[in-house]
Amino acid sequence: MPQDTLNVALIGYKFMGKAHSQAWLKVGKFFDLDAQPVMKVVCGRDGAAVGEFAERWGWENSSDNWQEAIASDDVDLVDISTPGASHCEMALAAAAASKHVFCEKPLANSLEESKQMLAAVRKAGVKHMVNFSYRRCPAISLAKQMIDAGEIGEIRHVRCTYLQDWLVDPDFPMNWRMRAESAGSGAHGDLGAHSIDMARYLAGEIDEVVGTKKTFITERPAEGTSDGLTATAGEGTEKVTVDDASLFLAKFAGGALGSFEATRLAPGRKNHNRIEINGSKGSLVWCFESLNELEFYSTSDPGTQQGFRKILATEGDHPYAGSWWPPGHMLGYDHTFTNVVYDLTQCIASGKDCSPDFQDGAQCSAVLEAVNDSEKSGSWAKVEQIA
Ligand SMILES: NC(=O)C1=CN([C@@H]2O[C@H](COP(=O)(O)OP(=O)(O)OC[C@H]3O[C@@H](n4cnc5c(N)ncnc54)[C@H](OP(=O)(O)O)[C@@H]3O)[C@@H](O)[C@H]2O)C=CC1
Ligand SMILES: O=C1CO[C@H](CO)[C@@H](O)[C@@H]1O
């Protein structure tokens, strides 16, 4: 139903909790909205910590009981910003209470759970969106427009690398991201999920994969306290139960070949989320470490002038950029989240479907799982296509 306010319940208040809170706070100031978000309630397990967070960030209420909080008549949208193991239970409860659902990536820790989530939101008839936030970097949205307009022709190669180095120190202590029961997988699902989504967005569906994963550091200091990505060491050690790195090749339904590498053990690479796409008429390259820049090579340029040109996606007619600062003024990490909740709010207010939705989330899970199947069988694995 079209409505002029959107009451939000956020679950999780650390890394993504902050990223989403700043987005909900700012979106109505920079964008013209058909419904105004109201920051109703933020939830977590630690009541005192979530209470302080609510006060600092302007949430009306806080709760250490997300089940009770999201069931309230006051809530229209449940925003899930917790580790992957909790996404399915939370999304199913939200859908059962007829709330729209916005969920962090990866949609779930398994394909089976992702499918259950998709079925639940479809049955409830609520809007659903998964936060593949990099789609909303203006340069990536621009790349999509250029590919759809035929600027690089038929796509032949998709080269994705998502490299970080925050786990290179063997003394970095455990947190939930290194446990299979909370994270599902390591770099594979955490970073690989973003690359798979960007590749699907820009180059279409993946049909078959072959790949492997590796854990280089198999034991780490136990977790003391942790806050987002950082942690202090506690007593003793704990076994790491996820991969440090994942590597796979892909065949796309449209005929392209792809390669995907994800690791948290690449010294010097901080958030090196890079994609290069080569087509019959040109190439596009983007890396998050220079997120405003899109490199474009066109075979249509005069021969003497051919070369990669750098497009700064900061002009008024570039996607999202015109709602922010005057031309040429850079956007950062936080803006992408605000761009996401802008689209989410407008879809809910107008009754349109959101994108990427839980079908996209489940399709990404299918690719991640096919890589696991391939690793077990030692051969190419077909990717299940999710209707
Ligand atoms: N789109 C993107 O670019 C990014 C996405 N992510 C994704 O966001 C999600 C969250 O990651 P991140 O914010 O980094 O994680 P953090 O560890 O920073 O925060 C997790 C939050 O969830 C809460 N929480 C954990 N378990 C539960 C539970 N069972 N019930 C209620 N609250 C719970 C924690 O609070 P408490 O301990 O009090 O319960 C904490 O506030 C993950 O799915 C991750 O993959 C992460 C980073 C970037
Ligand atoms: O985009 C991202 C940046 O890095 C984080 C830590 O590895 C990821 O969880 C996340 O999805």
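Located above this text is the structure these notes cover.
Heads up: these notes are all about the structure in this document. (Residues numbered from 1 in each chain as written. Chains lettered and ligands numbered in written order. Predicted model: local features only at pLDDT ≥ 70, side-chain atom pairs only at ≥ 80, totals over all residues. Heavy atoms only, no water.)

Remarks on the sheet that holds strand E15 (residues 293-298)
Item 1. Taken in spatial order, the 9 strands line up as E16-E15-E14-E13-E7-E12-E11-E8-E17 in an open sheet, and their pairing is mixed. Looking at strand neighbours, the two that pair on one side only are strand E16 (309-312) and strand E17 (381-382), the edges of this open sheet.
Item 2. Relative to strand E11 (residues 245-252), strand E8 (residues 206-214) runs antiparallel, the two sharing 8 bridges. Each bridged residue has a counterpart across the sheet, and for glycine 211 the counterpart in E11 is phenylalanine 248.
Item 3. Sitting on the sheet, helix H6 (residues 138-148) is in contact with strand E7 (155-163), strand E13 (272-279), strand E14 (282-287), E15 and E16, with an inclination near 25° to E15.
Item 4. Taken strand by strand, helix H9 (residues 192-203) contacts E7, E8, E11, strand E12 (257-263), E13 and E14, and its axis lies near 155° from that of E7. (Pairing = 2+ DSSP bridges. Helix = DSSP H or I, 4+ residues; strand = E, 2+ residues; numbered from the N terminus. Contact = heavy atoms within 4.5 Å. Axes fitted to C-alpha atoms, helices over the stretch in contact; angles between N-to-C directions.)

Regarding the packing of aromatic side chains
Item 1. The full count for this structure, using the stated rule, is 16 aromatic pairs.
Item 2. Pairing tyrosine 333 with phenylalanine 337 gives two aromatic rings, centres 5.0 Å apart and planes at 75°, and the pair type is edge-to-face. Remark: phenylalanine 337 and tyrosine 333 occur in helix H10 (residues 333-350); sequence separation between them is 4 residues, near one turn of the helix.
Item 3. By relative accessible area, which is 28% here, tyrosine 333 ends up partly exposed.
Item 4. Cluster of aromatic residues (ring-pair linked, three or more members): Phe15, Tyr134, Tyr162, Trp286, Phe288, Tyr333 and Phe337.
Item 5. For the cation-ring pair, lysine 144 lies above tyrosine 201, with the distance from its terminal atom to the ring centre recorded as 5.3 Å. (Phe/Tyr/Trp six-rings, centres within 6.5 Å; stacked < 30°, edge-to-face > 60°. Buried < 20%, exposed > 50% of the residue type's maximum accessible area, 1.4 Å probe, protein only. Lys NZ or Arg CZ within 6 Å of the ring centre and 35° of its normal.)

A few points about the side chain of lysine 105
Item 1. Residue position: lysine 105 is located in the loop between strand E5 (100-104) and helix H5 (111-124).
Item 2. Of note is the side chain of lysine 105, whose polar atom sits 2.8 Å from the side chain of aspartate 190.
Item 3. Setting aside anything within four residues of it in sequence, one finds lysine 105 in contact with His87, Val130, Asn131, Phe132, Gly189, Asp190 and His194. (Polar contact = N/O pair within 3.5 Å; in protein donor to acceptor, adjacent residues only side chain to side chain.)

A look at the site of ligand 2
Item 1. Around ligand 2, the structure places Lys105, Tyr134, Tyr162, Gln164, Trp166, Arg177, Asp190, Leu191, His194, Leu229 and Asn271.
Item 2. Within the side chain of tyrosine 134, one N or O atom sits 2.7 Å away from an oxygen atom of ligand 2.
Item 3. The contact in question runs from an oxygen atom of ligand 2 to an N or O atom on the side chain of arginine 177, over 2.8 Å.
Item 4. In the shell around ligand 2, the residues fall into 5 nonpolar, 3 polar and 3 charged. (Near = heavy atom within 4 Å. Nonpolar A, V, L, I, M, F, W, Y, C, P; charged D, E, K, R; others polar.)

What to know about the environment of glycine 150
Item 1. Among the structural elements, glycine 150 can be located in the loop between H6 and E7.
Item 2. Looking at glycine 150, the relative accessible area reads 24%, which means it is partly exposed.
Item 3. Distance from glycine 150 to alanine 183, taken between C-alpha atoms, is 38 Å for residues 33 residues apart in sequence.

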